[in-house]
Structure formats: structure tokens, C-alpha cells
Amino acid sequence: MATPAKPGQGVLRVDLGAIIANWRDLRARHGAEVAGVVKADGYGLGAAEVGRALAAAGCTTFFVAHLTEGLALRAALGPGPAINVLNGFPPGSDEDADLTPVLNHLGDVAAHAAAARVAGRPRAALLHLDTGMSRLGLDAWEQARLAEAPDLLRGLELRHVMTHLACADEPAHPLNEIQRARFAAACDRLAPGVPRSFANSSGIFLGAAFRSDLARPGCALYGINPTPGRPNPMRQVARVEAEVLQVRDVPAGDTVGYGASYTAREPRRIATVAAGYADGYLRSLSGRGIGLLHGRAAPLLGRVSMDLTTFDVTDIPEAAPGDRLVLIGGPGNTADELAVLCGTIGYEILTSLGSRYARLYEGA
Ligand SMILES: *Cc1c(COP(=O)(O)O)cnc(C)c1O
């Protein structure tokens, strides 16, 4: 397929049809409303494009992390869908963008409730209760205070009360059930009748006890496996290709790349491709990554440089300059698989993708 990529430019292909299919699949599994989490620029794949595709498919609620992400998403989507800002923001800072803050501590609650009373109209918000993450959300002491002074919520129109699971990707972890029980009790006490938002991607796979009025999947939409250790139920979404600039013969005894970390024991053919850690191809993949060329695996040799990476194509005789090597997203080098090789998670592989790629959106 023709790409708008300039010579030497890498290509990031995003299958919007697969994202929509993943969203529908999650909705069917959850059996209730499912939002689209598009924080961090849609996990690196483009929040505007992903958001528009999901909205067209019927998704009416989105989550971003930052106010700035919310402002940009509102500009991309126009009026209509709810856009919830996980990190919250002070009253007044969303101007006319119609963003909904997540209230993460009692100070947030007080500030937005006071602003609503001054404005003389209710302020939509989400209330975040911490049930075991110790990150954001009202802690146990704040929840007890709120229980004693429910008037603190006066002026607010709570759209959802939410919590976030710490260990949803480990179904047997005891904290899952602890968080479930704490959340259920706190909702009954603090926000009876308010719709609840509980599961992230992995939480949707924890079973009916973790169902709520609104699930908040992110990673699974983008093809990251929400059930680590088991087969990935989601469709693959992202594929990164980099251009082969040169194919060269390296004689036995020569070394490859910075630090001379790889020494050819016998003659090798090396393909040098035009992508490196500045493109989010993590340097910790040095000596471990796997590329795909003409459908075959090409092991990464030596270190990942900023703009270049070298792969062993000794066993791929047709390798030639101008070829596109699949850097991420093929069989054997999905984001999850590369993450295992370099000690991270697929989320970090996707959200690290750099800004130099030609981005191609397909299948919407
Ligand atoms: C990032 C995030 C999500 C989505 O998590 P995934 O594991 O990517 O599905 C949901 N809720 C909150 C509060 C988050 O921060």
C-alpha cells in the first residue's frame, strides 16, 4: 500500500477498525457502558483520530489524564461526548470546553462545589475514591469526613463515582476483592444512587463482580493484552515500520554499533534501519529486539542508536535498501512481546512512540 511517508521516514499504521472492534468486544464482555480512555494521546496512537473513530462507533464517554488533553479532545470531537479529566483541574480552567473534572481529594470537592454555588448552577463532576491504589482519590480519612458532612457535595452533580484497581491484571491477587468490597461499601455510604465506574481493561476480565455502570478500558482498545499470561483476546492495532537504509556485510571479527557490544563471530549481513530510541524504539532493546523483514525474524544486533538500529539479515537474502522492516507490531514483536524482552509493559512501548513517523489511519 502506498504511504505518504517521505524517504527514510518510518510509518506508524493504526488500525482504527480494530480499535472499534476491540471496544465493541469489551462492551459485550462488560455488558454495560464502556468508555474510551484516550489519555497520553490515545496511548501514543493519536487521541483525536481514535476519539473520532470511537465516537462514530457510538462511544459517548472519554477519559483523558490532563486538562490540556481534554481541551484538545473537545476541539477534535466537538460538543456531545462526555470528556472526563482523570487528573482533575481547578474550577474555571476548562473555559467553555465542557470538560468534567475527576475530584481526587476533598480540596477538589470543596473548590468545585463552591464554584458551582457561586455560579448558581450545578457542576458536573466525577468523584474518585481511593480503595487501594494510594495515588489519587479520596483516602479513607477523607471518605469518613465526607460521610459525616455530605453537604460538602452540595452544588455538584456527580456523574459517576469511580475507583481504580491496582492489580486487575493478576486475577488471583487478594487486593482485587478488597478493593471491590471497599468500593461497594463506600459508594453505598457516600454516593447512593450515583452511577459507578470501576474496571479498567483487565478489570473487565475479572468477572461479573467487577461490572459497573461504566468501564474505563485503555490498553485493551489498543491491542495490549489485558489478560497477561493468557492468549491475547484483543485485535492488534499498531504496526511500526522503518526503512532499511543500507544492507552491509560485516566480516568476522568486526563489531557493530556503539560500545562495540556485538562482535561478528562469522560473516554477517546487517540491515541498518532508520529508527532508534528517539522514535520510541527503546534503547533497552539493545541486543534483544526482533525485527520482521519479508516475513522472517531479524534479530537486533548491537545497541539501539538514537536514529538507527541494526538487524541481522544474514538469513534473509532478499533484504535490500528501501525495504520496510516491521519494528513493532508483527507476529513475534508486538508491543507486549517487545516489552517482555526489555523489562517493561506494552503500554510503555506504545506511549513512547516518537513524533517522526508518518501516521496512517486505516479501517475506520
Ligand atoms: C489509565 C487508566 C485507565 C485505563 O487503564 P488500562 O489498564 O489501560 O485499561 C482507567 N482508569 C484510570 C483511573 C486510569 O488511570
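So, how was this worked out
Residues numbered from 1 in each chain as written. Predicted model: local features only at pLDDT ≥ 70, side-chain atom pairs only at ≥ 80, totals over all residues. Heavy atoms only, no water. Helix = DSSP H or I, 4+ residues; strand = E, 2+ residues; numbered from the N terminus. Buried < 20%, exposed > 50% of the residue type's maximum accessible area, 1.4 Å probe, protein only. Contact = heavy atoms within 4.5 Å. Areas by Shrake-Rupley, 256 points an atom, 1.4 Å probe, with all protein chains shown as cover. Lys, Arg positive; Asp, Glu negative; His and termini not counted. Charge placed at Lys NZ, Arg CZ, Asp CG, Glu CD. Near = heavy atom within 4 Å. Polar contact = N/O pair within 3.5 Å; in protein donor to acceptor, adjacent residues only side chain to side chain. Nonpolar A, V, L, I, M, F, W, Y, C, P; charged D, E, K, R; others polar. Core = buried A, V, L, I, M, F, W, Y, C linked by side-chain atoms within 4.5 Å. Domains from an automatic or database assignment. Arc of directions from axis to C-beta. Pairing = 2+ DSSP bridges. Right-handed = clockwise from strand over helix to strand, strands pointing away. Buried area = accessible area lost by both parts, 1.4 Å probe. Salt bridge = Lys/Arg side-chain N within 4 Å of Asp/Glu carboxyl O. Axes fitted to C-alpha atoms, helices over the stretch in contact; angles between N-to-C directions. Parallel < 35°, antiparallel > 145°, perpendicular 65-115°, else oblique. Left-handed = near helix turned anticlockwise from the far one by under 90°.

Peer 1: Looking at this model, I keep getting lost on the overall build of the protein. Mind explaining?
Peer 2: Within the protein, the regular secondary structure consists of 10 helices and 19 strands. Dimensions of the protein, computed from the C-alpha atoms along their principal axes, are close to 75 × 40 × 35 Å. By residue count, 52% of the 364 residues in the protein fall in the buried class. Contacts in the protein between residues at least 24 apart in sequence constitute 65% of all its contacts with a sequence separation of at least 6. Carbon together with sulfur atoms contributes 53% to the accessible area of the protein, which is approximately 15,600 Å² in total. Separation between the mean location of the 35 positive side-chain charges and that of the 37 negative ones in the protein comes to 2 Å.

Peer 1: Can you help me understand the site of the ligand in this one?
Peer 2: Taken together, 13 residues lie near the ligand, and Lys 39, Tyr 43, Ser 201, Cys 219 and Tyr 347 sit nearest. Contacts to the ligand include Asn 200, whose side-chain N or O atom sits 3.3 Å from an oxygen atom. Protein chains shield 92% of the accessible area of the ligand, which is 390 Å² for the free molecule. In terms of residue class, the shell around the ligand is built from six nonpolar, four polar and three charged.

Peer 1: Before we go on, may I ask you to explain the nonpolar core in this structure?
Peer 2: Buried together is how nonpolar side chains tend to be arranged in soluble globular proteins. By size, the foremost hydrophobic cluster in this structure holds 76 residues, and its most contacted members are Ile 19, Leu 45, Tyr 222, Tyr 281, Leu 327 and Ile 328. Taken domain by domain, the makeup of this core includes at least three residues from each of domain 1 (16-222) and domain 2 (238-362). When neighbours within four sequence positions are excluded, Tyr 222 is seen to be in contact with Ile 19, Val 37, Val 38, Gly 42, Tyr 43, Leu 45, Val 50, Val 237 and Leu 350. Ranked by size, the runner-up nonpolar core spans 24 residues in total, among them Leu 127, Leu 153, Ala 186 and Phe 210.

Peer 1: Even after reading the chapter, I still don't get helix H9 (residues 335-342), so can you show me in this structure?
Peer 2: Note on helix geometry: an α-helix contains 3.6 residues per turn, so any two residues three or four positions apart are oriented the same way. All of the buried residues along H9 are Ala 335, Asp 336, Leu 338, Ala 339 and Cys 342. Seen end-on, H9 carries its buried residues on one side only, within an arc spanning 165°. Close packing links the buried residues of H9 with strand S15 (290-293), strand S18 (324-328) and helix H10 (346-351). Just downstream of H9 lies Gly 343, where phi reads positive at about 75°.

Peer 1: I tried to follow the pairing of strand S4 (residues 61-64) on my own but got confused; where do I start?
Peer 2: One face of the sheet, then the other: side chains in a regular strand alternate in exactly this way. Side chains of S4 alternate between two faces, with Thr 61 and Phe 63 and Phe 62 and Val 64 buried alike. With two bridges connecting them, strand S3 (residues 36-37) and S4 associate as parallel partners. Within the sheet, the bridge partner assigned to Gly 36 lies in S4 and is Phe 62. Of the pairings in the sheet, the one linking S4 to strand S5 (residues 82-85) comprises four bridges and is parallel in character. Its bridge partner lying in S5, Phe 63 is registered against Asn 84. The handedness of the S4 to S5 crossover, carried by helix H4 (residues 67-77), is right-handed.

Peer 1: Teacher, can you tell me more about unusual backbone geometry here?
Peer 2: Residues apart from glycine generally show negative phi values, whereas peptide bonds are mostly found in trans. Phi angles above zero are rare outside glycine, and Tyr 43 is one such case at about 50°. Relative to the helices and strands, Tyr 43 is located in helix H2 (residues 39-43). Residue class for Tyr 43 comes out buried when judged on its relative accessible area of 7%. Although it is not a glycine, His 294 sits at a positive phi angle of roughly 50°. As for its placement among the helices and strands, His 294 is situated in the loop between S15 and strand S16 (296-299).

Peer 1: Could you clarify how one ought to interpret the domain arrangement of the protein in this entry?
Peer 2: Accessible area lost when the parts come together is the quantity often used to give the size of an interface. As assigned here, the protein comprises domain 1 (16-222) and domain 2 (238-362). If you average the C-alpha positions of domain 1 and of domain 2, the two centres end up 37 Å apart. Facing 11 residues of domain 1, the contacting portion of domain 2 comprises eight residues. For the pair domain 1 and domain 2, the two sides together bury roughly 840 Å², of which 62% comes from carbon and sulfur. Of all residues in domain 1, the largest losses of buried area upon contact with domain 2 belong to Leu 16, Tyr 43 and Leu 45, amounting jointly to 51% of the total for that side. Summed over the shared surface of domain 1 and domain 2, the result is zero salt bridges. Counting every contact that joins domain 1 to domain 2 gives three residue pairs in polar contact (both at pLDDT 80 or more). At the level of secondary structure, the elements contributing two or more residues to the side of domain 1 that touches domain 2 comprise helix H1 (16-30) and H2. Element by element, the count of residues in the side of domain 1 that touches domain 2 is highest for H2, at three residues. Per-class residue counts for the side of domain 1 that touches domain 2 are six nonpolar, three polar and two charged.

Peer 1: What is the right way to read the packing of helix H3 (residues 47-57) against H4 from this model?
Peer 2: For any two helices packed against each other, the geometry is given by the interaxial angle and the distance between the axes. H4 packs onto H3 with a crossing angle of 50° between their chain directions and a minimal axis gap of 9 Å. Looking at the two axes, H3 sits oblique to H4. Two packed elements cross with a definite hand, and for H3 against H4 that hand is right-handed. Here Ala 47, Ala 48, Gly 51, Arg 52 and Ala 55 of H3 lie close against H4, whose contacting residues are Leu 73, Ala 76 and Leu 77. For the contact of H3 with H4, the per-class residue count stands at six nonpolar, one polar and one charged.

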